[in-house]
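Spelled out, the chains give:
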Amino acid sequence: MLDTLRRIIQEVNTAPDLDHALDIIVRRVRESVAVDVATVYLLDTEQQQYVLSATEGLRKDAIGNVRIDLDEGLVGVVGRREEPLNLEDAPLHPRYHFISETGEAPYHGFLGVPIIQYGNVLGVLVVRQRDKRKFAEEEEAFLVTLAAQLAGAITHAGASGRIFAVVSPERMTASLIGLPGSPGVAIGRVMVVYPPANLEAIPDRLVDDVDSEIAEFTEAVKAVQDDLRAYANRMSAVLPAQELALFDALLLMLDGDSLVGETIERIRQGNWAPGALRETIAQHVKVFDAMADSYLRERASDIRDLGRRILTHMQSDRPVTPVAYQKTVLVGEDISAGQLAEIPQENLAGIVSASGSSSSHVAILAQAMGIPAVMGVSDLPVGRLEGQKIIADGYRGDVYVNPSALVLEEFARLQSEESQLSEMLRHVAGEDSVTPDGVTVPLYLNVGLVSGVETEAQAEGDGVGLYRTEIPFLMQEHFPGEEEQLRIYRKALEAFAPRPVTLRTLDVGGDKMLPYFPVHEDNPFLGWRGIRISLDHPEIFLTQIRAMLRASVGLDNLTIMLPMISTVSELDHAILLIYQALDELLEEGEAVVRPPIGMMIEVPSAVYQIDAMAKRVDFFSIGTNDLTQYLLAVDRNNARVASLYESLHPAVLRAIRQVLDEAHKLGKPVSVCGEMAGDPASVLALLGLGVDSLSMNASNFSRVKWVIRSFSRDEARELLEQVWLLEDPGAIRELYNGVLEQGGLGGLVRAGN
Ligand code: PEP
Ligand code: MG
């Protein structure tokens, strides 16, 4: 059964479009469960009906024409209850409803299972038997397993507005779910970017000049044949003849009609050579993968290898000339900073990446450039998206492919609201960050790179509250040395002097991996990250601290912050090393001074030891991104659980209250530097809680200032009294959103967490 499942899923995954995918599903299901009829109904959310979308056993002309209301018949029961329905004699069920247009003979045996993804019902898979039949438990389990896996495959194949069309913004169902990467809404056309020599990542692309594509392809094939002959020659000295036969087998595959001929045929049908090659190779790999004989299954990897070789030759011959649409949304498995740079700035509307998170390099660049980005869209059918219309909602992390007119209209409205909002926000430029009742809340910036360009927020911010030093580390090919780090930090300190700049010591590990320092762990977020790595590598830590201290000579605006502290001994050890670096530099005659030293509160254990920590540091900064993840046990980069990740959760708010109360008793200031500090609704909460300062990305700077200038601390405190009574995070966000809307700041509410 497992084998059958695997084969069906594989076949569905390589289907060119949704209709083919559904067709495969019903055919295979009918065969494997030996039933008279197998049918898939998909939900049309716009019409609130199930549409018969594929069938094997009913009249084909029923496809697309038979519609069932949500509460109609047994299909309605399955969808509504979100559980399987297994009936030996369906007509006895009170909700049985016979539909004659499908060419159905009345049936008796019925088994329906819902197709659900991320909690949303996408449709219903139904098998029927003319005679009475109680489906066996294993058959039911088989269909349930299949449907669970199909949900992803269906989304893949059909990432189209057709299934996921929407009715109203509140009821919007995203076709694909990712993570917010950089705020804003992008509407444009997809240009797929792909890494070299990665056949699976190649998109389909229409071509006009078929002949030159064919010529290019055959030349690449010839080059691979030459290579293989040369390898065989070279290896003949060391390999026995039997093994050398492998090269002959590979050459044979390139001689015949199959690989080459089929690819040429696909080019003739309009796909460009790399896309046609990808299709052919996938087709052949599928055949071999499905073979029972393990030796033959292994041949699939030879075919993949041939595909990669041909592709490499084609790519090295093909000049990179990206087709940029007027509004281009870059889409890829893993987009690099270089690929971002290849698109003319004025054409770049947004970014959608199948991997990564808001702390990925490309997302950080997008934030700096003010371009919306959605990251970590694990179900992104990259290869099929070239040239498609797309909406990327960088606030929520949603992606709509081929959206319906209604969705487009809604997002176009949001976009225009956004530009009105930025117009409105311009009014706070030059104003102080002070509440109507006179409380000043200093606003700092989170930065990863400081460019020479002075932005508005850079000019107005009270300094840097969080400089993520791992970003410059990420851009190197090895650990940067002391002099190199000195140059980087000096630039940042100079750009803001005399305002303070908080340099956070290296915080790699978790999802932030240095390419030259790979660490493989099963649970990276609970593993070797942040201060733990620094303390285990004092040579790296001391170099960094020395560079920081030296960079501040003469400016004296440095503040050092330690990430991921979970216990006091880490703090003692780190501070000891800072003093060691300080002493060494003083001995070397450098005019360094002891900077303020602070720590991040981002691990729950630190929340409960503020008193002990407060004796050792000058200030605290709450890293709500990690604190939320660790308190709620929700991976901050996992789109599947993104709906559970909410910093306005009562538990997170209570933890922040505890930190503030304890730290203030001991006279230590507390800032917040996680994404919460840039989210207007959360800023209202933090204001009421009595936070001393906030640190955020430049893109959120003016909206936060607007909130501070619009609400008094007393009002924020009163709101908190209501908030403490609420048990559900959603209700808390709703309450704050309502208040922002009443205050005429409705445009700000979308920037949710
Ligand atoms: C945080 O965890 O809130 C934080 C600011 O640090 P980072 O996002 O870099 O982990
Ligand atoms: Mg953190």
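The text that follows walks through the structure, step by step, so that each part is easy to find. Model, not experiment: these values are computed from the prediction. (Residues numbered from 1 in each chain as written. Chains lettered and ligands numbered in written order. Predicted model: local features only at pLDDT ≥ 70, side-chain atom pairs only at ≥ 80, totals over all residues. Heavy atoms only, no water.)

**What to know about the overall build of the protein chain**
Assigned secondary structure in the protein chain consists of 27 helices and 22 strands. The globule rule puts the C-alpha radius of gyration for 753 residues at 27 Å, and the 30 Å found for the protein chain is close to it. The C-alpha extent of the protein chain, read off along each of the three principal axes, is 85 × 75 × 45 Å. Burial analysis of the protein chain (753 residues in total) assigns 55% to the buried set. Across the protein chain, contacts joining residues at least 24 apart in sequence account for 65% of those joining residues at least 6 apart. Of the roughly 31500 Å² of accessible surface on the protein chain, 51% is carried by carbon and sulfur atoms. When the 66 positive and 108 negative side-chain charges of the protein chain are each reduced to one mean point, those points stand 2 Å apart. (Helix = DSSP H or I, 4+ residues; strand = E, 2+ residues; numbered from the N terminus. Rg over C-alpha atoms; globule rule 2.2 N^0.38 Å. Buried < 20%, exposed > 50% of the residue type's maximum accessible area, 1.4 Å probe, protein only. Contact = heavy atoms within 4.5 Å. Areas by Shrake-Rupley, 256 points an atom, 1.4 Å probe, with all protein chains shown as cover. Lys, Arg positive; Asp, Glu negative; His and termini not counted. Charge placed at Lys NZ, Arg CZ, Asp CG, Glu CD.)

**Remarks on the sheet that holds strand β21 (residues 670-672)**
As summarised here, the arrangement of the 8 strands in space is β15-β16-β17-β18-β19-β20-β21-β22, forming a closed barrel in which the pairing is parallel. Averaged over all pairs of adjacent strands, the angle between strand axes in this sheet comes to 25°, irrespective of strand direction. Pairing analysis gives 4 bridges linking strand β17 (residues 501-504) to strand β18 (residues 558-562), with the strands arranged parallel. The partner of Arg504 across the bridge, within β18, is Met561. (Pairing = 2+ DSSP bridges. Axes fitted to C-alpha atoms, helices over the stretch in contact; angles between N-to-C directions.)

**What to know about the sheet that holds strand β7 (residues 176-177)**
Taken in spatial order, the 8 strands of this open sheet run β7-β14-β13-β9-β10-β11-β12-β8, and their pairing is mixed. The outermost strands of the open sheet, each flanked by one partner alone, are β7 and β8 (179-182). As paired strands, strand β9 (residues 185-192) and strand β13 (residues 389-393) are joined by 5 bridges and run antiparallel to one another. Paired with Arg189 across the two strands is Lys389, which belongs to β13.

**Details of the coordination of the magnesium ion (ligand 2)**
Distances from the magnesium ion (ligand 2) to its protein donors, Glu602 (OE) and Asp626 (OD), fall at 2.0 to 2.2 Å. With Glu602 in the loop between β19 (597-601) and α20 (604-607) and Asp626 in helix α22 (residues 624-632), this pair connects stretches of sequence that are 24 residues apart. Here Glu602 and Asp626 have matching classes, each one buried. (Donors = N, O, S within 2.8 Å, 3.2 Å for Na, K, Ca; no water.)

**What to know about the site of ligand 1**
In the region of ligand 1, 15 residues are neighbours, and Arg468, Arg504, Gly623, Asn625 and Arg636 sit closest. One of the side-chain N or O atoms of Arg468 is found 2.7 Å from an oxygen atom in ligand 1. At a separation of 2.8 Å, an oxygen atom of ligand 1 approaches a polar side-chain atom of Arg504. When contributions to the shell around ligand 1 are tallied by element, the ones reaching two or more residues are β16 (464-468) and α22. The element that contributes the greatest number of residues to the shell around ligand 1 is α22, accounting for 3 residues. A class-by-class count of the residues in the shell around ligand 1 yields 3 nonpolar, 4 polar and 8 charged. The residues that make up the shell around ligand 1 include at least three from each of domain 4 (463-595) and domain 5 (596-603 + 610-753). (Near = heavy atom within 4 Å. Polar contact = N/O pair within 3.5 Å; in protein donor to acceptor, adjacent residues only side chain to side chain. Nonpolar A, V, L, I, M, F, W, Y, C, P; charged D, E, K, R; others polar. Domains from an automatic or database assignment.)

**Some points on unusual backbone geometry**
In this chain, Ala497 is followed by Pro498 through a cis amide linkage whose omega measures 5°. Note on placement: Pro498 falls in the loop between α16 (482-496) and β17. In this structure, Asn402 is a non-glycine residue whose phi angle is positive, near 45°. Of note, Asn402 is situated in the loop between β14 (398-401) and α13 (405-425). Assessed through its relative accessible area of 31%, Asn402 is described here as partly exposed.

**Some remarks on the packing of α22 against helix α23 (residues 650-665)**
Helices that pack against each other are described as a pair by the angle of their axes relative to one another and the distance between those axes. Running from N to C, α22 and α23 cross one another at 120°; their axes reach a closest spacing of 10 Å. When the interaxial angle is binned, α22 and α23 end up oblique. The way α22 lies across α23 gives a crossing that is right-handed. Between α22 and α23, the residues in contact are Thr624, Thr628, Leu631 and Leu632 and Ala651, Val652, Ala655 and Ile656, respectively. Partitioned by chemical class, the residues of the contact of α22 with α23 number 6 nonpolar, 2 polar and no charged. (Parallel < 35°, antiparallel > 145°, perpendicular 65-115°, else oblique. Left-handed = near helix turned anticlockwise from the far one by under 90°.)

**Some details on the pairing of β19**
Consecutive residues of a regular strand have side chains that alternate between opposite faces of the sheet. The buried fraction of β19 is high, at 5 of 5 residues. Here β19 shows two buried faces, one formed by Ile597, Met599 and Ile601 and the other by Gly598 and Met600. In this sheet, β19 lies alongside β18 in parallel orientation, the contact comprising 3 bridges. Residue pairing for β19: Leu562 is matched across the bridge by Met599. As for the winding sense of the linkage, the β-α-β connection from β18 through helix α19 (residues 568-587) to β19 is right-handed. Pairing of β19 with strand β20 (residues 619-622) involves 4 bridges; the strand directions are parallel. Among the inter-strand pairings, Ile601 is bridged to a residue of β20, identified as Ile622. (Right-handed = clockwise from strand over helix to strand, strands pointing away.)

**Some remarks on the nonpolar core**
Phe620, Leu694 and Tyr736 are the most contacted members of the largest nonpolar core, which totals 111 residues. If you tally residues by element for this core, the top one is α19, at 9 residues. For this core, the domains that each give at least three residues are domain 4 (463-595) and domain 5 (596-603 + 610-753). Beyond its immediate stretch of four places on either side in the chain, Phe620 contacts Met599, Ile601, Ile610, Met613, Ala614, Ala663, Lys668, Pro669, Val670 and Ser671. (Core = buried A, V, L, I, M, F, W, Y, C linked by side-chain atoms within 4.5 Å.)

**Description of the packing of aromatic side chains**
This structure, assessed with the given rule, holds 8 aromatic pairs. Seen from their ring centres, Tyr467 and Tyr489 are 6.4 Å apart, and the 90° between their planes marks the pair as edge-to-face. Taken together, the residues Tyr467 in strand β16 and Tyr489 in helix α16 connect sequence positions 22 residues apart. Across this residue pair, the class does not change: Tyr467 and Tyr489 are buried. Between the aromatic rings of Phe517 and Trp528, the centroid separation amounts to 5.8 Å while the plane-to-plane angle is 35°, which identifies the pairing as tilted. Here Phe517, found in the loop between β17 and α17 (531-536), pairs with Trp528, found in the loop between β17 and α17; they are 11 residues apart in sequence, far enough to count as distant. Pairwise contacts between aromatic rings join Phe473, Phe479, Tyr516, Phe517 and Trp528 into one cluster. (Phe/Tyr/Trp six-rings, centres within 6.5 Å; stacked < 30°, edge-to-face > 60°.)

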